[in-house]
Amino acid sequence: MTASTAPGKVYLFGEHAVVYGEPAVPCAIGLRARVTVERRADGLRVQAGDLSLDGFAVEYGATDTTPEVDVSPSLLEAAMSYVNEAVTQAREAAAERGVEAARAAGFEVTVDSEIPLGAGLGSSAAVVVATIDAATRELGVELPREEVADRAYRVERSVQNGEASRADTFCATMGGVVRVEGESCRTLGTPDLPLVVGYDGGAGDTGALVAQVRELRETYPFVGDTVSAIGDVVRRGETALAADDRETLGELMNINHGLLAAVGVSARSLDAMVWAARDAGARGAKLTGAGGGGCIVALGDPDELERALAYVPGCEDAFHAELDTDGLRREER
Ligand code: PMV
């Protein structure tokens, strides 16, 4: 039996625009998904203890492919597709290294995640990264981190109909603050910023929101300028990060939120949390991830911001998001 964990993330800058080749800067935070993998004769059985679902078990095998669980079929299908594809990548990686039984290997996969599902905190990337790593090690192969990140990206791209960037999966694998632009990914040495996350208890459908931005861009070609402006925010943000210039960072987060709202991916609950954080003295605040619902991230005094967010009617949870610098961790069982 093997176990791996990987962190969730917030976007300091650049979500959505990253899909069009602009840079993005996500930052790993101290919430983790833990995946335990054990060999079994054949097929794939997945158990999830805490995916913001009530908990479910699904068996994929020769005879049983229909889960009998009481959760939304689309949410379940999405969660299962990520694990299923991650296991396929693990089998392939081990088979390429000469592990003969890899392609037919059966697995029992248990997922325990602290990261709310679909809330913009990179839950799927963390689960995929940890699953690929634990399943390959269960087959006796230890992959370089870069390969785990690359295979995890392929999983996201396939499950999200070709619409994914390398940002979430690279960040979950490497930890810390990273920069992603197209195929190019690297870690940034940056200060530990005081970040607070506000969560409205909801979820956005990443695939649908990405498609919505694409449609808007096709209908109104000048929306392309908004997407490029997000890229400019990110490039300026990198300089501010390197200088630990928090005032500029905050201002740029505010601009980034406005641009995301302009392309239609904010929500009333997200705007309410963003404004509550700003009113409480945040240097900046923005939605994080795909939007539509889920989380915001604010830069400022964690106690003040948590307290202020707790009073927002639509805010279900607010917490200090500490930077995670480990990324993927190979755990003792
Ligand atoms: O909400 P999340 O954590 O799935 O982040 C989505 C980020 C997007 O830029 C909208 C899509 C992507 O794959 O980069």
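Thresholds applied
Residues numbered from 1 in each chain as written. Predicted model: local features only at pLDDT ≥ 70, side-chain atom pairs only at ≥ 80, totals over all residues. Heavy atoms only, no water. pLDDT = per-residue confidence, 0-100. Contact = heavy atoms within 4.5 Å. Pairing = 2+ DSSP bridges. Helix = DSSP H or I, 4+ residues; strand = E, 2+ residues; numbered from the N terminus. Axes fitted to C-alpha atoms, helices over the stretch in contact; angles between N-to-C directions. Salt bridge = Lys/Arg side-chain N within 4 Å of Asp/Glu carboxyl O. Buried < 20%, exposed > 50% of the residue type's maximum accessible area, 1.4 Å probe, protein only.

1. Describing the confidence of the model for the chain
Caution is warranted with low-pLDDT regions, since their predicted coordinates should not be read in detail. Per-chain confidence: the chain averages 91 in pLDDT, with 91% of residues scoring 70 or above. In the model, residues 51-55 has pLDDT below 50 throughout and makes 15 contacts with residues more than four positions away in sequence or in other chains. With pLDDT under 50 throughout, residues 61-66 is counted as low confidence; its partners more than four residues away or in other chains account for 3 contacts.

2. Examining the sheet that holds strand E8 (residues 195-199)
Here 4 strands make up an open sheet; going across it, the order is E9-E10-E8-E11 and the pairing antiparallel. One side of each edge strand has no neighbouring strand; the edge strands of this open sheet are strand E9 (284-287) and strand E11 (317-320). Along the sheet, successive strands turn relative to each other by an average axial angle of 20°, direction set aside. The pairing of E8 with E11 spans 4 bridges and is antiparallel.

3. Comments concerning the pattern of salt bridges
On inspection of all chains with the given rule, the structure shows 22 salt bridges. Where Asp-133 meets Arg-330, a salt bridge forms, and the shortest distance between an N and an O atom there is 2.5 Å. With Asp-133 in helix H2 (residues 123-138) and Arg-330 in strand E12 (residues 329-331), this residue pair connects regions lying 197 residues apart in the sequence. Using a relative accessible area of 31% as the deciding quantity, one classes Arg-330 as partly exposed. Via salt bridges that share partners, Glu-92, Glu-96, Arg-97, Glu-147 and Arg-151 belong to a single interconnected network.

4. Structural notes on helix H4 (residues 167-174)
Along H4, 8 of the 8 residues are buried, which leaves the element largely enclosed by surrounding structure. Burial in H4 covers these residues: Ala-167, Asp-168, Thr-169, Phe-170, Cys-171, Ala-172, Thr-173 and Met-174.

5. Quick notes on the environment of Val-129
Following the sequence through the fold, Val-129 ends up in helix H2. On the basis of relative accessible area, Val-129 is assigned to the buried category, the value being 0%. The spacing of Val-129 and Pro-313 is 184 residues in sequence and 35 Å in space, taken between C-alpha atoms. Apart from residues lying up to four places away in sequence, Val-129 is in contact with Ala-6, Val-148, Ala-152, Thr-169, Ala-172, Thr-173 and Leu-328.

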